[in-house]
Amino acid sequence: MTDTQQDETAQGGLAKTFSPAEIEARRYAAWEESGAFAADPNSAKTPYTIMMPPPNVTGSLHMGHALTFTIQDTLIRFQRMRGRDALWQPGTDHAGIATQMVVERRLAEKGVFLDRGGVAPKGKDTGNATLIGREKFLEEAWAWKAESGGTITRQLRRLAASPDWARERFTMDEGLSLAVRRVFVELHRQGLIYRDKRLVNWDPKLHTAISDLEVEQREIKGNLWHFKYPIEGEPERFIVVATTRPETMLGDSGVAVHPDDERYKSLVGKFAILPIVGRRIPIVADEYSDPEKGTGAVKITPAHDFNDFEVGKRHKLAMINVMDKDAHISGDVPERFVGMERYAARKAIVAEIEALGLLDKVEAHTHMVPHGDRSGVALEPWLTDQWFADAATLAKPAIEAVEKGHTVFVPKQWENTYYEWMRNIQPWCVSRQLWWGHQIPAWYAPDGSVFVEETEDAAKAAARAKFGKDVVLTRDPDVLDTWFSSALWPFSTLGWPEQTAHLKRYYPGDVLVTGFDIIFFWVARMMMMGIHFGNPGKPLAERVPFKTVYIHALVRDERGQKMSKSKGNIIDPLDLIGKYGTDALRFTLCALAAQGRDVKLATARVEGYRNFVTKLWNACRYAQMNGAAPVAGYDPAKVTLTVDKWLVGELAKCAKTVTAAIDAYRFNEAAEALYRFVWGTFCDWYLEFTKPLLQQGSDAEKAEVRATTSYVIGQVLKLLHPIAPYVTEELWETLGYKQGDTQLMSESWPAYGAGLGDAAAEAEMNWVVDAITGIRALRAEMNVPQGAKPALLYRDADDAAKARLARHEGLIKTLARVESIAAETGGPTKGAAPVALAGATLVLPLAGIIDAGAERKRLEKEIGKLDGDIAKADKKLSNADFVAKADPEAVEDQRERLAEAKAARARLAVALERLKDI
């Protein structure tokens, strides 16, 4: 803040310019210190709960965070002002793999590595390496968390997020860890958690199973190898199978063909001989095989492919694991392949198949290959012993809850995605081969017996009861999937398993705000766990973790492309905040958050809404300089001036629209309504309409205008506060609205009686707005010089229109830049362009002011260019190949360009039509 700004503020006046950086830091500190973010379980108010999706403790604020937390904060501030006891429960997630990788990298820089059985990581210069065990690693991880884990929460404060920070939780804090152990043990006792050998997504670099959310599908240009498998007992007869992963053929235990495929009916029930290995493998009939795809025959490798695993179970095929944790060849395979890296094995197997004369052909083949999003390496479906949850059983009431409307999705179409996933759900692998996370509460006796208990003492007691003596127990080294603890978030953060006051009051929550990409990974699992544990014994409607799930879209760049480092199009929200202020970014995100549409973010949009914040600031400064100040006892229903009746009526309509829009999660409509009212109705029209009254009106008129101006500003600050909290809080206090210690964020939401507003005043002032807007548009279309002041004529005017023109002559002349207003006489004026209004036609004589011929040529040229653009876009969009194969963003971009070009052409065509008589 400059010295001049400080002087102005010290004197009670607004600084000349809005300085976000200084104001934001000061305002946030005051909010947090006041305790206004806190919920009150003893309050008589109706509770309102939002569970903050816990960001990763390793994370930094990105644009997705900015969108979701802006929406959540808008809702929470809105409901606080409406008199709800609002709890926005904050916290962070321990982020198993991400945190382990961060800490491992940090240790590696110091020559310290994890001792996984006394072997340091391959490829490292470990001559002077220090190996550490689990306990020391966890010490290092907790130290890193204490040092760096608060970055994301500090950044959320910059975004003006207002959760109940005093209740901040961490998914590995003591209370949540107890909840995790309790849930695991209870589900195990109920038979809903069990240990099994199944396929998982295995990361051969990180040596852990990973969740589907951590799988990144990458397009790979590879090959499709066609191998000939000999038929047992029938020399010279083969069945041809195709594969993109020849190395897995060592584990083949069958070949599948479609039961209706005539080509292979005679082979079903027979055996093929697996080349290289010599294994007899049955040929089975299964609908998984697609007769139209490849040869119609599919090699089945149950231990290394998810689809093959299911086929193998159906036909009781052997599950033969031919890889180790490093994705090197191992197990019951020819000795020459043992220890070979998977891609080296691929080359060797193809060469040997070719040498045997069993390579039918090789085709270039582009396909999607799953990679670990953290490690970057291709994943392997790997058969291994893991802990699983019976997701199908847990999903049944979660599906029913949505079917019966106890939890609703907004937009509703996301319910279909939820159903699709939940109705086809597979067992959930909940174990991970990491050290950072919730260690699984299971202990093994020397004979392999497992004891699942909350504590080691309880496990020892259970073992003593079984064996009649103490035995040595070894704890399962694995940890739980990060999503396991996250699934308990809606109730564990409230104190469960204790029946706390917070749990009784704030569960179930009101709304969950999240992105569509984690509907299955997080939303569905919270539904399953919340219903199972949240409010046992109560009706299903009271057991769901939240009543509404609002799914927002992705934030993309201005061209609709997903942001990524490789594309170089990432927009950092903190950079935007530093340049344009938090309010501008928040308003932008709300304005673009239309349901069902991705947010296309351009820096220019943020700059535009920064200008909106500046416009508000300048309007308030203008009002203050002209004597507008809060008036005790002001009643908007008692104003007498037509312009004031119009303004308070428009204010009431704006408030109704904003309230309904936020209630319906239509944040873009709320932002649009506020923008139109503040920039248009209030700044562009009301302040201009009332300048003559402030300069030349009676004392009573001046007093009413000042009081109305101040009142409306105060109401606008309330309506804007949930979206743009900083500038509104600053203006609220500086302009004198603050009473005592009550901050704007704790004020009541505007509510008006049905009688506020006046139909006659609304009709009159809107007519004046339409008249001025129409004349301005005509001037712009006709390229009328800015300094020109043509006469304004009117024809076919009824009495109401004549009266309005007379009453508002001065305003119209000034704001439309016309010299005079008079009735048209002697027939239609030559060289004039019309503006149609209710009850009259306005006529603007332009002969001698513009060169009609030149304007006609200009418009025709612009229309011709637009016709070319329209034809080009039409051609692209009518090309079925383009629509089918191009990126969806490119197709949508063409559609938007076409719509914009057609709208522009229509406007120019109207202007050209007007020129025909000039």
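Everything quoted here is computed from the prediction, not taken from an experiment.

1. Remarks on the overall build of the protein
So, point 1. Along the backbone of the protein there are 30 helices and 31 strands.
So, point 2. Taking the principal axes of the C-alpha coordinates as reference, the protein spans close to 110 × 65 × 55 Å.
So, point 3. Sequence-distant contacts in the protein: of pairs separated by 6 or more residues, those separated by 24 or more amount to 77%.
So, point 4. Approximately 40200 Å² of the protein is accessible, and the part contributed by carbon and sulfur atoms is 49%.
So, point 5. Of the side chains in the protein, 117 bear a positive and 125 a negative charge, and the two mean positions are spaced by 2 Å.

2. Points about the sheet that holds strand β15 (residues 359-372)
So, point 1. A sheet is described by the order of its strands in space; here three strands give the open sequence β10-β9-β15, paired in antiparallel fashion. Each edge of the open sheet carries a strand with a single partner, namely β10 (238-243) and β15. The sheet shows a mean angle of 20° between the axes of neighbouring strands, direction not considered.
So, point 2. Judged from the six bridges that link them, strand β9 (residues 215-230) and β10 form a sheet pairing that is antiparallel. Residue pairing across strands places Lys-228 opposite Val-240, the latter belonging to β10.
So, point 3. Running over the sheet, helix α9 (residues 342-355) touches β9 and β15 and is turned about 25° from β9.

3. Comments concerning the nonpolar core
So, point 1. Within the largest apolar cluster, 154 residues are counted, with the highest numbers of intra-cluster contacts made by Leu-75, Trp-646, Phe-682 and Phe-689.
So, point 2. Broken down by element, this core gets its largest block of residues, 15 residues, from helix α22 (residues 667-696).
So, point 3. With sequence-adjacent residues up to four places away left out, Phe-682 is seen in contact with Ala-619, Leu-647, Phe-677, Leu-687, Thr-709, Val-712 and Ile-713.
So, point 4. The next biggest cluster of nonpolar side chains, apart from the first, holds 63 residues, and it includes Phe-184, Phe-491, Val-523 and Met-528.

4. Notes on the pattern of salt bridges
So, point 1. Scanning all chains against the criterion turns up 56 salt bridges.
So, point 2. Among the ionic pairs, Arg-82 bridges to Asp-663, the shortest N-O distance being 2.7 Å. Separated by 581 residues along the polypeptide, Arg-82 in the loop between α3 (63-81) and β2 (85-89) and Asp-663 in helix α21 (residues 642-663) bring together distant segments of the chain.
So, point 3. For Asp-663, a relative accessible area of 38% corresponds to the partly exposed category.
So, point 4. With its nearest N and O atoms 3.1 Å apart, the salt bridge here joins Glu-688 to Lys-691. Placement of the pair is Glu-688 and Lys-691 together in helix α22, with a separation of three residues, close to one helical turn.

5. Considerations on the environment of Val-818
So, point 1. With respect to the helices, strands and loops of the structure, Val-818 is situated in the loop between α27 (809-816) and β29 (821-823).
So, point 2. By relative accessible area, which is 3% here, Val-818 ends up buried.
So, point 3. The sequence separation of Val-818 and Leu-844 amounts to 26 residues, and the corresponding C-alpha distance is 8.9 Å.
So, point 4. Excluding its chain neighbours within four sequence positions, the residues that come into contact with Val-818 are Ile-775, Lys-789, Pro-790, Leu-792, Ile-812, Lys-813 and Leu-844.

6. Brief notes about the packing of aromatic side chains
So, point 1. In the structure shown here, the tally under the stated rule is 36 aromatic pairs.
So, point 2. On the numbers, 5.7 Å between centres and 85° between planes, the contact of Tyr-609 with Tyr-675 is edge-to-face. Within this pair, whereas Tyr-609 is found in helix α20 (residues 603-625), its partner Tyr-675 is found in helix α22, the two being separated by 66 residues in sequence.
So, point 3. A relative accessible area of 28% places Tyr-675 in the partly exposed class.
So, point 4. Here Phe-682 and Tyr-686 contribute two aromatic rings whose centre-to-centre distance is 5.9 Å and whose plane-to-plane angle is 15°, an arrangement assigned as stacked. Pair noted here: Phe-682 and Tyr-686 are both in helix α22, with a separation of four residues, about one helical turn. Across the pair, Tyr-686 and Phe-682 agree in class, each one buried.
So, point 5. Seen from the ring of Trp-31, Arg-77 lies directly overhead, with NZ or CZ sitting 4.4 Å from the centre.
So, point 6. The lysine or arginine in question, Arg-525, covers the ring of Trp-428, its NZ or CZ lying 4.3 Å from the ring centre.

7. Describing the sheet that holds strand β8 (residues 208-210)
So, point 1. Across the sheet, which stays open at both edges, the four strands sit in the order β8-β7-β16-β18 with antiparallel pairing between neighbours. The outermost strands of the open sheet, each flanked by one partner alone, are β8 and β18 (428-429).
So, point 2. Here strand β16 (residues 380-389) runs beside β18; their pairing, made up of two bridges, is antiparallel. Across the sheet, residue Phe-388 finds its bridge partner in β18, namely Cys-429.

8. Let's talk about the pairing of strand β1 (residues 47-51)
So, point 1. By the criterion of burial, β1 is predominantly enclosed, with four of the five residues buried.
So, point 2. Two strands pair when backbone bridges link them, and β1 and β2 are joined in this way by five bridges, in the parallel orientation. Paired with Tyr-48 across the strands is Ala-86, a residue of β2.
So, point 3. Taking the sense of rotation as the criterion, the β-α-β connection linking β1, α3 and β2 turns out right-handed.

9. Quick notes on the side chain of Arg-27
So, point 1. Mapping Arg-27 onto the fold places it in helix α2 (residues 20-34).
So, point 2. A residue is classified by how much of its surface remains accessible, and Arg-27, at 8% relative accessible area, is buried.
So, point 3. Apart from the residues within four sequence positions on either side, Arg-27 is in contact with Tyr-726, Glu-729, Glu-730 and Glu-733.

10. A few points about the confidence of the model for the protein
So, point 1. Looking at the protein as a whole, its pLDDT mean stands at 92, while 97% of the residues score no less than 70.
So, point 2. Taken together, the stretch residues 1-10 has pLDDT below 50 and engages in 12 contacts with residues farther than four places along the chain or on a different chain.

11. Regarding the packing of helix α23 (residues 699-720) against helix α24 (residues 725-734)
So, point 1. Where α23 meets α24, the axes come as close as 9 Å, and the angle between the chain directions of the two elements is 150°. With respect to α24, the axis of α23 lies roughly antiparallel. Our pair here, α23 against α24, has a crossing hand that is left-handed. Here α23 contributes Gly-714, Leu-717, Lys-718 and Leu-720 to the contact with α24, which in turn contributes Thr-728, Leu-731 and Trp-732.
So, point 2. Partitioned by chemical class, the residues of the contact of α23 with α24 number four nonpolar, two polar and one charged.

Calculation rules
- By convention here, each chain's residues receive numbers from 1 onward along its written sequence.
- Local features are withheld for residues below a pLDDT of 70 in this predicted model, meaning they are given only at 70 or higher, and side-chain atom pairs are given and counted only at 80 or more; totals for whole chains, interfaces and linings count all residues.
- The side-chain figures draw on all heavy atoms in the structure; neither hydrogens nor water molecules are used.
- Counting from the N terminus, the helices are DSSP H or I runs at least four residues long and the strands are E runs at least two residues long.
- We call two residues in contact when some of their heavy atoms are within 4.5 Å.
- Reported accessibility uses the Shrake-Rupley method at a 1.4 Å probe radius. Residues are deemed covered only where the shown protein chains occlude them.
- Charge assignment in this entry is limited to Lys and Arg as positive and Asp and Glu as negative, and neither His nor the chain termini are counted.
- Throughout, a charge is located at the NZ atom of Lys, the CZ atom of Arg, the CG atom of Asp or the CD atom of Glu.
- Two strands pair under a simple rule: DSSP has to find at least two bridges between them.
- The convention used is that axes are lines fitted to C-alpha atoms, helices contributing only their stretch in contact, and that angles between N-to-C directions extend from 0 to 180 degrees.
- Here, nonpolar core refers to any group of buried Ala, Val, Leu, Ile, Met, Phe, Trp, Tyr and Cys residues whose side-chain atoms link them within 4.5 Å.
- Between buried and exposed lies partly exposed: a residue is buried under 20% and exposed over 50% of the maximum accessible area for its type, with that area taken using a 1.4 Å probe on protein chains only.
- Any carboxyl oxygen of Asp or Glu within 4 Å of a side-chain nitrogen of Lys or Arg constitutes a salt bridge here.
- The pairing test for Phe, Tyr and Trp rings, Trp by its six-membered ring, is centres within 6.5 Å, and the orientation test on the planes gives stacked under 30 degrees, edge-to-face over 60, and tilted for anything in between.
- Definition used: whenever NZ (Lys) or CZ (Arg) falls within 6 Å of the ring centre and also within 35 degrees of the ring normal, the charge is taken to sit over that ring.
- Think of it like this: strands point away, you trace from the first strand over the helix to the second, and a clockwise trace means the crossover is right-handed.
- Each residue carries a pLDDT score, the predictor's confidence in it, ranging from 0 to 100.
- What sets the label is the angle itself: under 35 degrees gives roughly parallel, over 145 gives roughly antiparallel, 65 to 115 gives roughly perpendicular, and the rest give oblique.
- The hand of a helix crossing depends on one turn: near helix anticlockwise from the far one by less than a right angle means left-handed, and clockwise means right-handed.
- Basically, the charged four are Asp, Glu, Lys and Arg, the nonpolar ten are Ala, Val, Leu, Ile, Met, Phe, Trp, Tyr, Cys and Pro, and anything else, Gly included, counts as polar.

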